[in-house]
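Listed below, chain by chain, are the residues.
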Amino acid sequence: EDQVTQSPEALRLQEGESSSLNCSYTVSGLRGLFWYRQDPGKGPEFLFTLYSAGEEKEKERLKATLTKKESFLHITAPKPEDSATYLCAVQAPTDGLTFGKGTHLIIQP
Amino acid sequence: SAVISQKPSRDICQRGTSLTIQCQVDSQVTMMFWYRQQPGQSLTLIATANQGSEATYESGFVIDKFPISRPNLTFSTLTVSNMSPEDSSIYLCSVDLAMNTEAFFGQGTRLTVV
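What counts, and at which threshold
- Residues numbered from 1 in each chain as written.
- Chains lettered and ligands numbered in written order.
- Predicted model: local features only at pLDDT ≥ 70, side-chain atom pairs only at ≥ 80, totals over all residues.
- Heavy atoms only, no water.
- Helix = DSSP H or I, 4+ residues; strand = E, 2+ residues; numbered from the N terminus.
- Rg over C-alpha atoms; globule rule 2.2 N^0.38 Å.
- Buried < 20%, exposed > 50% of the residue type's maximum accessible area, 1.4 Å probe, protein only.
- Contact = heavy atoms within 4.5 Å.
- Buried area = accessible area lost by both parts, 1.4 Å probe.
- Salt bridge = Lys/Arg side-chain N within 4 Å of Asp/Glu carboxyl O.
- Polar contact = N/O pair within 3.5 Å; in protein donor to acceptor, adjacent residues only side chain to side chain.
- Nonpolar A, V, L, I, M, F, W, Y, C, P; charged D, E, K, R; others polar.
- Disulfide = S-S within 2.5 Å.

Visitor: An account of the overall build of chain B is requested, with residue identities and associated values reported.
Guide: Broken down by element type, chain B carries 0 helices and 11 strands. Mapped in sequence order, the helices and strands of chain B form the string β-β-β-β-β-β-β-β-β-β-β. Radius of gyration (C-alpha) of chain B: 13 Å, near the 13 Å computed for a compact globule of 114 residues. For the C-alpha atoms alone, the extent of chain B along its principal axes is close to 40 × 25 × 20 Å. Relative to its full complement of 114 residues, chain B shows a buried share of 50%. Taking the intrachain contacts of chain B between residues at least 6 apart in sequence as the baseline, contacts between residues at least 24 apart amount to 53%.

Okay, structure coming up:
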């Protein structure tokens, strides 16, 4: 059974204080690892897909990395508008996405 | 990218009734997915809907409770049948684009059952 564990559950940072969110996973044949951002009352917003260990992707202040067991979402010099819940999900070859419970990120001005 | 429209965006329903949620995509897609997000929880896959075939349901979800239609490559519906307060959730439609490079979600339907 595919499993995704995200940590921490919640994180409060000061504006400009960089940090990382963790996503540990077990899956039978990783087809892709997905990161999403979700704002209250909205559907998940796609950020990245990673496919193989060693792969990295960047978008503005966000950088996602992948190993064989986990992925990190690094947030550099965050701003208050980066406050959201960040979701990690994995996909096996014939399945939909299996999501973690998310990390609720708050960036204080 | 893909633009996904869900209707209704929210509804309040009486227990015992049924609600059909529509999902419209602005491009043709092979696979469409339906997820449920219960209050304070993450997303759980309900079923996969491919055009021209019966939907495939995940463990804990059955067709009688969540019938799905997929009449063409741009549209799908999910019905929540015989609703109870435990069905109060956000229901989300998702699509895979070519080779699963990206998976996009609609804005969701917030369902409250009273």
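Structure's up, so let's keep going.
Visitor: Account for the interface of chain A and chain B, naming residues and giving values.
Guide: With 19 residues of chain A at the interface, the matching set in chain B holds 18 residues. Between chain A and chain B, the buried area comes to about 1500 Å², and carbon and sulfur atoms account for 50% of it. It is Pro44(A), Phe46(A) and Phe99(A) in chain A that bury the most area against chain B; as a group they hold 27% of the surface buried on that side. In this assembly, chain A and chain B are joined by 0 salt bridges. Seen at the junction of chain A and chain B, the total is 5 residue pairs in polar contact (both at pLDDT 80 or more). For the side of chain A that touches chain B, the secondary-structure elements that each account for two or more residues are β4 (32-38), β5 (45-50), β9 (84-91) and β10 (97-99) of chain A. For the side of chain A that touches chain B, the leading source of residues is β4(A), giving 3 residues. A class-by-class count of the residues in the side of chain A that touches chain B yields 8 nonpolar, 7 polar and 4 charged.

Visitor: Would you mind going over the state of the cysteines in detail, with residue names and values included?
Guide: Per the counting criterion, the structure on display carries 2 disulfides over all chains. What pairs with Cys23(A) in a disulfide is Cys88(A), and their sulfur atoms sit 1.9 Å apart. The disulfide joining Cys23(A) to Cys88(A) has a torsion of about -65 degrees about its S-S bond and is therefore left-handed. Residue Cys23(A) is found in strand β3 (residues 19-26), and its partner Cys88(A) is found in strand β9; the two are separated by 65 residues along the sequence. Of the residues examined, Cys23(A) reaches a relative accessible area of 0% and is grouped as buried. Taking relative accessible area as the criterion, Cys88(A) reaches 0% and is therefore assigned buried. The disulfide partner of Cys23(B) is Cys93(B), and the S-S distance across this bridge is 1.9 Å. Between Cys23(B) and Cys93(B) the sulfur-sulfur dihedral comes to about -65 degrees; the bridge is accordingly left-handed. Here Cys23(B) is found in strand β3 (residues 19-25), whereas its partner Cys93(B) is found in strand β9 (residues 89-96), with 70 residues between them in sequence. An identical accessibility class is assigned to Cys23(B) and Cys93(B); each is buried. Distance from the sulfur of Cys13(B), which forms no disulfide, to the nearest cysteine sulfur (Cys23(B)) is 18 Å.

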